Amino acid sequence: MDWLTTVDHKKIGILYLIAGGFFFLVGGLEAILIRIQLWKPQNDFVGADTYNELLTMHGTTMIFLAAMPVIFALMNAVIPLQIGARDVAFPFVNSLGFWTFLFGGILLNVSWIVGDVPDAGWTAYAPLAGSTYSNDHGMDYYVLGLQIAGIGTLIGGINFLVTIINMRAPGMTFMRMPMFTWSAFITSALILFAFPALTVGLAALMFDRLFEANFFDPSAGGNAVLWEHIFWIFGHPEVYILILPAFGIISEVISTFSRKRLFGYSSMVFATILIGFLGFMVWAHHMFTTGLGPVANALFSIATMLIAVPTGIKIFNWLFTMWGGSISFKSPNLFAVGFIPTFVMGGVTGVMLAAAPADFQYHDSYFVVAHFHYVIVGGLVLGLFSGVHYWWPKMFGRILNEGLAQLTFWTFFIGFHLTFFVQHFLGLMGMPRRIWQYLDGLGFNEMNLISTIGALLMGLGTIIFLINVVVTSVKPKNAPADPWEDGRTLEWTIPSPPPEYNFAQTPLVRGYDAYWKEKQDGHSGMTPAEPLGPIHMPSPSILPFFMGLGFFIAGFGFMYAPDWGHFLGTDLTVGHAIGIVGLLMVLICMLLRSVIDDHGFHIEEDEIKRDLGGKA
Amino acid sequence: MSAHTHVEGHLPHEPEKATLEGRNKILGFWLFLGGETVLFGTLFAAFLALRHQVLDGPAPNELFDLKLVAYATAILLTSSLTSVFAIQAMHQHKVKSLINWLIITVVLGAGFLALEIYEFVHYLHLGHGFTTSAFSSSFYTLVGFHGAHVLFGILWITLLIIQLAKKGLTVVTAPKVYVAGMYWHFIDVVWVFIFTVVYLMGKVV
Ligand code: HEM
Ligand SMILES: [Cu+2]
């Protein structure tokens, strides 16, 4: 019950981690089924229809329901601590964001239970995704599930932006902000400007499917390329929404475990901003073969290659940070160091794909699959593993078992390269993506087998990680405030896990790497910026949960409106009625929220003193 | 934190910015409007891409009744002005006149909405249905999204009026009023673009 009503950003972070982790397992299972299907030529393991469904759900789940939420988990758990804040700007909205994401994700996956699963690919290209070709409810689940989950992401992004702009501790200027907070800041800005485009695209597709509109239906004057533009003007920034937080994590971890200040901090900041900006300028590199013409292709090709410059700056800064540092290869750093060459490989194939004429060869082949998995798995997932191992003690008060963590790294890392390295060559040899079978005798067999073995090995690595989580959770909470002993940023100055109010007294920040600076000056902790006093906290609320549920019910009702009978002899169907009930539920919750005053509550001074162990 | 301290004493000149909560709300709302800009931008782009695809349905220059639209525009722009008066009244701490200006704003908004509904019904009779063509789908989606925003604004401000009547002007209610005012202006600006891009350009080409 406590968890259903919580508005505490640390608990919401844990909820995101659990839900995102769960969807990672679902998406991973789908991946493994895909790979089993492809392990030998002309295999008949799942069948063509199921393959399309698995493929679509794998991509959609991984991007929207696994990767994004785990990023949000870390951002929730860490950002207020890193900037010295007691909370996020809008705790209520924060919890609303979580519940809408979760109910959207559940709605999407209800499709498996119902048996009408989305099957037009995670890009939902028109007219394939329209009602002519996808005439069961599969793509309705895609459209509505993502729409609902997208609301959660958008309000989450706004929340982080306001938190970072308005709630930094005294002395925490923008140019003293930790890199992870910086990357979360830019990521949130990208979310703010990218997701509304997806909202419109999904709404238009929904109108086409449910209300016979003609946006993307060429026979009624609609335009299928319009979908591609709308999708990718969201979709390309989305890739940077995923990778920038990973960059932030790597910067923190490498600096901590090299016991050195991050090399080129200000160039890192500007590179992050530049990548975020360019991320919006390059969407049409996904459409070189669509027929936009040579001028458009050339411009988007060049714009894309420009991104290599700020990215290169980042890579070199990480290397220079390690250079001459006293490096410790504890598990978080192992993942971070493994990230660097892997991500570079993904970047190199990215530049290859950005050359428009060459892309005509690579397009829709396994080369593309290899490229984006090097970026998303080799980049983002290694980064997330690094961050999760790094901040686990702060979130849960327990350090993950180091031996098991090392084992996770090696199985996952080797499995990853086995799976995806050979796919470059499969692609160059002409194996198309999004196919459920290939013929014998084309020279594809061995490499596909290797790829499948690699995928199983990655699955094993994930299982070892889960075992580690279980093993760790049964031991007592014993993590010190600064478990890596070389913590540099503010989150390491407070107990693990932190008390509800984070900081008993808001700290005064005197430089970049605030905690490290105090340590260098021989101080044991931060200087407080305010006297000890009672702390005001927002009250918990069940409303966000019911609002998420309301959206879920509404989506479900509208989806089935065409199938279910009429309502009391009117034009309205039972489905519409259910949908309206769901929306009313949301509105009533909003109404309640605005009429009930939330005065919150105070945590009194003696209680804080007790937490501090009578000192202070 | 300091939400209660000010209420009994006197309000500052700009009560909406007196607390951190208030400032957070206003900044968050500016950002939200940034997202809304992208949302409407995408709708405009879709409309521009599809506006010549009229198939058998009526073309924009046969369809649009500029006189009606001009009335609607005048009403909506006036309501923006009255919402400015509302904010000015708030800064002078005149709750009564604040509430009155808000009521006038809501009434004008409802007038606009009534004209729009009339307009849509009228077009429907001319054979311009939601499913007629790509042009009609994108027209109703763009203009309808705006209309839905107006409706939402009307409900929202009505709720605020009730709150103000019950609780008066405090550092809690002031940011809400301010933010609603921002929203109302935004809707107006979007309408100016719709008037130009949809109606005027539709008449010309
Ligand atoms: C961890 C092990 C993973 C394995 C073994 C795996 C495997 C695969 C395979 C075999 C495909 C099908 C390629 C095709 O036929 O076109 C695929 C597609 C895809 N994967 Fe993964 N994947 C993994 C992780 C991820 C992750 C973590 C993400 C994103 C965060 C991701 C995103 C995608 C996307 C977007 C597609 C394209 C789907 C589509 O074409 O509609 N994958 N994956
Ligand atoms: Cu891209």
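A. Spatial organisation of the overall build of chain A. Broken down by element type, chain A carries 19 helices and two strands. Along the first, second and third principal axes, the C-alpha set of chain A runs to 75 × 65 × 50 Å. Residues classed as buried in chain A amount to 60% of the 616 residues present. At a minimum sequence separation of 6, the contacts of chain A that also span at least 24 residues come to 81%. Working note: accessible area of chain A is about 22600 Å², and carbon and sulfur atoms make up 70% of it. Charged side chains of chain A number 27 positive and 40 negative; the gap between the two group centres comes to 15 Å.

B. Structural view of the pattern of salt bridges. All names here are of chain A. In total, this model carries 12 salt bridges over all chains according to the counting rule given. Note that Glu530 is salt-bridged to Arg86, the shortest N-O span being 2.6 Å. Of this pair, Glu530 sits in the loop between α16 (514–520) and β1 (535–537) while Arg86 sits in the loop between α3 (48–82) and α4 (91–114), and the two are 444 residues apart along the sequence. Given the relative accessible area of 15%, Arg86 is considered buried.

C. Expanded view of the site of ligand 1. Residue and element names in this part refer to chain A. Near ligand 1 there are 24 residues, and of these His58, Trp122, His373, Arg433 and Arg434 occur at the shortest range. A distance of 3.0 Å separates an oxygen atom of ligand 1 from a polar side-chain atom of Arg433. Residue assignment for the shell around ligand 1 shows that the elements contributing at least two residues are α2 (9–37), α3, α13 (366–396) and α15 (445–474). Sorting elements by how many residues they give to the shell around ligand 1 places α13 first, with seven residues. By residue class, the composition of the shell around ligand 1 is 17 nonpolar, four polar and three charged.

D. Region of the structure containing the packing of helix α6 (residues 179–211) of chain A against helix α2 (residues 20–50) of chain B. Orientation of α6(A) relative to α2(B), taken along the N-to-C sense of each, is 40°, at an axis distance of 8 Å. By the angle class used here, α6(A) and α2(B) are oblique. In this structure, α6(A) meets α2(B) at a crossing whose hand is right-handed. Side by side, α6(A) and α2(B) meet where Leu192(A), Phe193(A), Pro196(A), Ala197(A), Thr199(A) and Val200(A) of the first sit next to Leu31(B), Gly34(B), Gly35(B), Val38(B), Leu39(B), Thr42(B) and Leu43(B) of the second. Considering only residue class, the contact of α6(A) with α2(B) consists of nine nonpolar, four polar and no charged.

E. Spatial organisation of the coordination of the copper ion (ligand 2). Residue and element names in this part refer to chain A. Ligation of the copper ion (ligand 2) by protein atoms is provided by His236 (ND1), His285 (NE2) and His286 (NE2), these donors lying 1.6 to 2.0 Å from the ion. One chain supplies every donor for the copper ion (ligand 2), spaced along it as H-x48-H-H. A relative accessible area of 14% means that His285 is categorised as buried. Residue His286 is classed as partly exposed on the basis of its relative accessible area of 24%.

F. Summary view of the nonpolar core. If you look at the biggest cluster of nonpolar residues, it comprises 174 residues, and the most contacted ones within it are Phe64(A), Phe98(A), Tyr142(A), Phe195(A), Trp318(A) and Phe339(A). When neighbours within four sequence positions are excluded, Phe195(A) is seen to be in contact with Phe64(A), Met68(A), Gly150(A), Thr153(A), Leu154(A), Leu190(A), Phe234(A), Glu238(A) and Ile241(A).

G. Local environment of the packing of α2(A) against α4(A). Residue and element names in this part refer to chain A. Taken N-terminus to C-terminus, the directions of α2 and α4 make an angle of 20°; their axes are 10 Å apart at the nearest point. By the criterion of interaxial angle, the relationship of α2 to α4 is roughly parallel. Note that α2 runs across α4; the crossing there is left-handed. The residues of α4 that touch α2, namely those facing His9, Ile12, Leu15, Tyr16, Ala19, Phe23, Val26 and Glu30, are Pro91, Asn94, Ser95, Gly97, Phe98, Trp99, Phe101, Leu102, Gly105, Ile106, Asn109 and Trp112.

H. Examining the interface of chain A and chain B more closely. With 34 residues of chain A at the contact, the number on the chain B side is 35 residues. Summed over both partners, the interface of chain A with chain B comes to about 2800 Å²; 74% of that surface belongs to carbon and sulfur atoms. Summed over the shared surface of chain A and chain B, the result is zero salt bridges. For the pair chain A and chain B, the interface holds six residue pairs in polar contact (both at pLDDT 80 or more). Elements that contribute at least two residues to the side of chain A that touches chain B include exactly α5 (138–166), α6, α7 (224–258) and α18 (574–595) of chain A. Residue contributions to the side of chain A that touches chain B peak at eight residues, all from α6(A).

I. Examining the environment of Ala220(A) more closely. With respect to the helices and strands, the residue Ala220(A) is situated in the loop between α6 and α7. Ala220(A) sits in the buried class, given a relative accessible area of 11%. Discounting chain neighbours no more than four positions away, the residues touching Ala220(A) are Asn214(A), Leu55(B), Ser133(B) and Ala134(B).

J. Region of interest: the packing of aromatic side chains. All names here are of chain A. Tallied over the entire structure, the rule returns 82 aromatic pairs over all chains. Ring centres 6.1 Å apart and planes at 75° place the aromatic pair Phe23 and Phe101 in the edge-to-face group. Separated by 78 residues along the polypeptide, Phe23 in helix α2 and Phe101 in helix α4 bring together distant segments of the chain. The same class applies to Phe23 as to Phe101, namely buried. Centroid distance Phe98 to Phe101: 5.9 Å. Interplanar angle 65°. Geometry classified as edge-to-face. Placement of the pair is Phe98 and Phe101 together in helix α4, with a separation of three residues, close to one helical turn.

K. Layout of the coordination of the iron atom of ligand 1. Residue and element names in this part refer to chain A. Of the protein atoms, only His58 (NE2) and His373 (NE2) coordinate the iron atom of ligand 1, at distances of 2.0 Å. What the six donor atoms of the iron atom of ligand 1 show is an angle range of 87 to 179° at the metal, which sorts the shape as octahedral. Remark: His373 occurs in helix α13 and His58 occurs in helix α3; sequence separation between them is 315 residues. Taking the relative accessible area as the measure of exposure, His58 reaches 13% and is therefore buried.

L. Highlighting α3(A). Residues and elements named next belong to chain A. Taking 1.5 Å per residue, 35 residues should reach 51 Å; α3 reaches 49 Å between its end C-alpha atoms and fits that length. At Met62, α3 shows its maximal kink, close to 40°. The element α3 is extensively covered by neighbouring structure, given that 30 of its 35 residues are classed as buried. Of the residues one or two after α3, Gly84 is the one with positive phi, at around 75°.

M. Local environment of a negative patch on the surface. A cluster of acidic side chains, namely Glu500(A), Glu604(A), Asp606(A), Glu607(A) and Asp611(A), defines a negative patch on the protein surface. Here Asp606(A) shows up in helix α19 (residues 605–611).

N. How the structure looks around the environment of Ile588(A). All names here are of chain A. Summarising the element assignment, Ile588 is placed in helix α18. The exposure class of Ile588 is partly exposed, given its relative accessible area of 46%. Taking the C-alpha atoms as reference points, Ile588 and Gly97, separated by 491 residues in sequence, lie 17 Å from one another.

O. Broad picture of unusual backbone geometry. Residues and elements named next belong to chain A. That bond from Ala126 to Pro127 is cis: its omega, 0°, falls within 30 degrees of zero. Geometrically, the link from Ser496 to Pro497 is a cis peptide bond, its omega value of -15° lying close to zero. Along the polypeptide, Pro497 turns up in the loop between α15 and α16. The phi torsion at Arg434 lies on the positive side, around 55°, for a residue other than glycine. As for its placement among the helices and strands, Arg434 is situated in the loop between α14 (402–428) and α15.

P. Structural view of the confidence of the model for chain B. Residues and elements named next belong to chain B. For chain B, the mean per-residue pLDDT works out to 93, and 96% of the residues sit at or above 70. A low-confidence stretch, residues 1–8 (pLDDT under 50), is modelled with eight contacts involving residues beyond four sequence positions or located in other chains. Interface confidence for the predicted complex, given as ipTM, is 0.94, next to a pTM of 0.94.

The rules behind the values
- Residues numbered from 1 in each chain as written.
- Chains lettered and ligands numbered in written order.
- Predicted model: local features only at pLDDT ≥ 70, side-chain atom pairs only at ≥ 80, totals over all residues.
- Heavy atoms only, no water.
- Helix = DSSP H or I, 4+ residues; strand = E, 2+ residues; numbered from the N terminus.
- Buried < 20%, exposed > 50% of the residue type's maximum accessible area, 1.4 Å probe, protein only.
- Contact = heavy atoms within 4.5 Å.
- Areas by Shrake-Rupley, 256 points an atom, 1.4 Å probe, with all protein chains shown as cover.
- Lys, Arg positive; Asp, Glu negative; His and termini not counted.
- Charge placed at Lys NZ, Arg CZ, Asp CG, Glu CD.
- Salt bridge = Lys/Arg side-chain N within 4 Å of Asp/Glu carboxyl O.
- Near = heavy atom within 4 Å.
- Polar contact = N/O pair within 3.5 Å; in protein donor to acceptor, adjacent residues only side chain to side chain.
- Nonpolar A, V, L, I, M, F, W, Y, C, P; charged D, E, K, R; others polar.
- Axes fitted to C-alpha atoms, helices over the stretch in contact; angles between N-to-C directions.
- Parallel < 35°, antiparallel > 145°, perpendicular 65-115°, else oblique.
- Left-handed = near helix turned anticlockwise from the far one by under 90°.
- Donors = N, O, S within 2.8 Å, 3.2 Å for Na, K, Ca; no water.
- Core = buried A, V, L, I, M, F, W, Y, C linked by side-chain atoms within 4.5 Å.
- Buried area = accessible area lost by both parts, 1.4 Å probe.
- Phe/Tyr/Trp six-rings, centres within 6.5 Å; stacked < 30°, edge-to-face > 60°.
- Tetrahedral: all angles 85-135°; square planar, octahedral: opposite > 155°, others 65-115°.
- Expected span 1.5 Å × (residues − 1).
- Bend = angle between axes of the 7 residues up to and from the residue.
- Patch = residues over 30% accessible without salt bridge, like charges linked within 9 Å, V, L, I, M, F, W, Y side chains within 5 Å.
- pLDDT = per-residue confidence, 0-100.

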